[in-house]
Amino acid sequence: VGSGLGVLGLRLGLSLGFGLALAFAAPPRQRNLSLRHAPNPNPKPKKTMSFGDLSTAAGLAKLDQHMLANSYVKGFTFSAADEACFAACGGLPGASYPHAARWFLHIAALTGTKVIGGSAAAPAAAAPAAAAPAAA
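Procedures and definitions
Residues numbered from 1 in each chain as written. Predicted model: local features only at pLDDT ≥ 70, side-chain atom pairs only at ≥ 80, totals over all residues. Heavy atoms only, no water. Core = buried A, V, L, I, M, F, W, Y, C linked by side-chain atoms within 4.5 Å. Buried < 20%, exposed > 50% of the residue type's maximum accessible area, 1.4 Å probe, protein only. Helix = DSSP H or I, 4+ residues; strand = E, 2+ residues; numbered from the N terminus. Contact = heavy atoms within 4.5 Å. Axes fitted to C-alpha atoms, helices over the stretch in contact; angles between N-to-C directions. Parallel < 35°, antiparallel > 145°, perpendicular 65-115°, else oblique. Left-handed = near helix turned anticlockwise from the far one by under 90°. Nonpolar A, V, L, I, M, F, W, Y, C, P; charged D, E, K, R; others polar. pLDDT = per-residue confidence, 0-100.

Further remarks concern the nonpolar core. With 16 residues, the main nonpolar core has Leu63, Cys89 and Trp103 as its most contacted residues. Listed by contribution, the elements that provide at least two residues to this core are helix H2 (57-67), helix H3 (80-89) and helix H4 (98-111). If near-sequence neighbours (up to four positions away) are discounted, Leu63 is found in contact with Phe51, Leu54, Cys89, Ala100 and Trp103.

Next up on the list: the packing of H3 against H4. Running from N to C, H3 and H4 cross one another at 110°; their axes reach a closest spacing of 10 Å. Our classification of the angle between H3 and H4 gives roughly perpendicular. Remark: the crossing between H3 and H4 carries left-handed chirality. Contact with H3, carried on its side by Asp82, Cys85, Phe86 and Cys89, involves Trp103, Phe104, Ile107, Ala108 and Thr111 of H4 and no other residues of that element. Classifying every residue of the contact of H3 with H4 gives seven nonpolar, one polar and one charged.

So, on to the confidence of the model for the protein chain. Scored by pLDDT, the protein chain comes out at a mean of 74, with 50% of its residues at no less than 70. For the protein chain, helix H1 (residues 2-23) is the element with the lowest average pLDDT, namely 53, and H4 is the one with the highest, namely 95.

Where H2 contacts H4, the two axes come as close as 7 Å, and the packing angle between them is 80°. Relative to H4, the element H2 lies roughly perpendicular. The segment H2 lies against H4, with Leu63, Asp64 and Met67 engaging Pro98, His99, Ala100, Arg102 and Trp103. Class assignment of the residues belonging to the contact of H2 with H4 gives a composition of five nonpolar, one polar and two charged.

What follows is the structure, given as structure tokens:
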């Protein structure tokens, strides 16, 4: 019976001693991960949306083709790319570009721009409040 306790005590002593040694061990060295992966010498160019000059028929045709299956120029929400293309259009695309025209009117509504006679006007300023009728 005595020898069993001695072995158990030896096991406890070793496990506690090992645990203390780990607790007081020096922290692991930080690795320099920036040198781990070398930069790609031939990165792929990022794809960008380019319709060309949107004041020409070719540019509007590219925009119209893109808007056939998309609601926005880039992504699934209104973005700076939509604003840039909207400004580059200069006006409502003609009837031969129905998808570009739909997109143009949608962006005009989002930005608060009025479309007058096919051209975009600056966003409307808040109208002054009408004077209350005078009490008699």
